[in-house]
Amino acid sequence: MRTIAFVTQKGGSGKSTLAACLAVAAHEKGERVFLIDTDPLMSLSKWAKARKSKDILVEWVPAGKLQSALAMLAKKGITLAIIDTGAGESPAAAAAIKAADLCIIPARPNAFDLWASELTRKACSAARKEFAFLLNQCPPAQQSARIEDGAKALEAMGGLLTPLVSTRVDYQEAARHGMGATELNPHGVAAEEMRDLWASVKRRMARGKSAGVKKAA
Ligand SMILES: Nc1ncnc2c1ncn2[C@@H]1O[C@H](COP(=O)(O)OP(=O)(O)OP(=O)(O)O)[C@@H](O)[C@H]1O
Ligand SMILES: [Mg+2]
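All of these numbers come straight from a predicted model, not from anything done at the bench.

Q: When you look at the site of ligand 1 in this model, what are you seeing that I'm missing?
A: Around ligand 1, 17 residues are found, and the nearest of them are Lys15, Thr17, Asn136, Ser166 and Gln172. In the model, an oxygen atom of ligand 1 is placed 2.9 Å from a nitrogen or oxygen of the Ser16 side chain. Within the complex, 79% of the 630 Å² of free accessible area of ligand 1 lies under protein. Sorting the residues of the shell around ligand 1 by element identifies α1 (15–28) and α7 (169–176) as the ones contributing at least two each. Residue contributions to the shell around ligand 1 peak at three residues, all from α1.

Q: Would you explain the environment of Gly180 in this entry?
A: Tracing the backbone through its elements, the reader meets Gly180 in the loop between α7 and α8 (181–184). Gly180 sits in the buried class, given a relative accessible area of 0%. In this structure the C-alpha to C-alpha distance between Gly180 and Lys10, which are 170 residues apart in sequence, comes to 22 Å. Here Gly180 is in contact with Cys21, Val24, Trp47, Arg51 and Ala174, once residues within four sequence places are set aside.

Q: How should I be thinking about α7 in this particular structure?
A: Note on helix geometry: an α-helix contains 3.6 residues per turn, so any two residues three or four positions apart are oriented the same way. Within α7, the full set of buried residues consists of Asp170, Tyr171 and Ala174. All buried residues of α7 project into a common sector of 100 degrees when viewed along the axis, lining one side. Pointing more than 90 degrees away from the buried face of α7 are the exposed residues Val169, Gln172 and Arg176. Positioned one or two residues after α7, Gly178 has a phi angle of 65 degrees, which is positive.

The rules behind these values
Sequence positions are assigned chain by chain, starting from 1 and proceeding in written order. All chains are assigned letters beginning at A, and all ligands numbers beginning at 1, according to the order in which they are written. Side-chain atom pairs in this predicted model are given and counted only at pLDDT of 80 or more, local residue features only at pLDDT of at least 70, and totals for whole chains, interfaces and linings cover all residues. Values reported for side chains reflect all heavy atoms of the structure, with hydrogen atoms and water molecules removed beforehand. When we say a residue is near a molecule or strand, we mean one of its heavy atoms is within 4 Å of it. For this analysis, a polar contact is any N or O atom pair within 3.5 Å, provided that within protein one partner can donate a hydrogen and the other can accept it, and provided that sequence-adjacent residues contribute only side-chain to side-chain pairs. Method for areas: the Shrake-Rupley scheme with a 1.4 Å probe, in which residue coverage is limited to the protein chains shown. In this description a helix means any DSSP run of H or I spanning at least four residues, a strand means any run of E spanning at least two, and both kinds are numbered starting from the N terminus. Each residue is assigned to one of three classes by its accessible area relative to the maximum for its type, calculated with a 1.4 Å probe on protein chains only: buried under 20%, partly exposed between the two thresholds, exposed over 50%. By definition, residues are in contact when any of their heavy atoms lie within 4.5 Å. Here the arc refers to the directions that run from the helix axis out to each C-beta atom.

By themselves these figures say nothing about function.
If you want it as structure tokens, here you go:
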């Protein structure tokens, strides 16, 4: 079983949205996915209630029980655990970083998100964990200097996942219905972004495995 944590101290950068969409995209590619919600706001637990199908289970787990919950999921044959964390520094975020094979740090292309990303990167590095940034809520079809600067800054800090994720109504509508973007509108651009994202995350995890744990400063 591989474990991914969506983590950043910055609120509203897209952790829960992307965790849910990535879970669905990975499930569609044959993974047995389990979502672990550690956020007191319980966004993903609410997403699961809105979801018609029980194909992807979600459970809220406190920080102290994360390791044992993951061990149980591995025994049950889950192949991919995705952990969503809340904003700010918390025992749950620290536990998620510790438990993850890959920490994904979403950031919107603005200075405040980028500065916050640096703090989360440091926490990942201190825990000697593989991490990658993900630029979210980029204006669609508009490669502005702000986006390019954001992408360059994150690339320089340790690696940026492809693709850049755009601001699209599909992401918000999918969340509202307890769906992933690939289910809501399978032929839409958001769906394509999420399928590409899963492919990119998979490649990244394979690389992490062969290269060992990243020891960035
Ligand atoms: N790519 C996107 N396009 C459009 N809206 C988005 C996108 N990503 C996130 N959002 C919206 O931005 C808001 C914040 O997203 P989300 O709740 O996923 O962030 P978060 O990092 O989980 O926040 P928190 O730290 O509070 O848990 C939500 O209203 C969500 O619908
Ligand atoms: Mg959230």
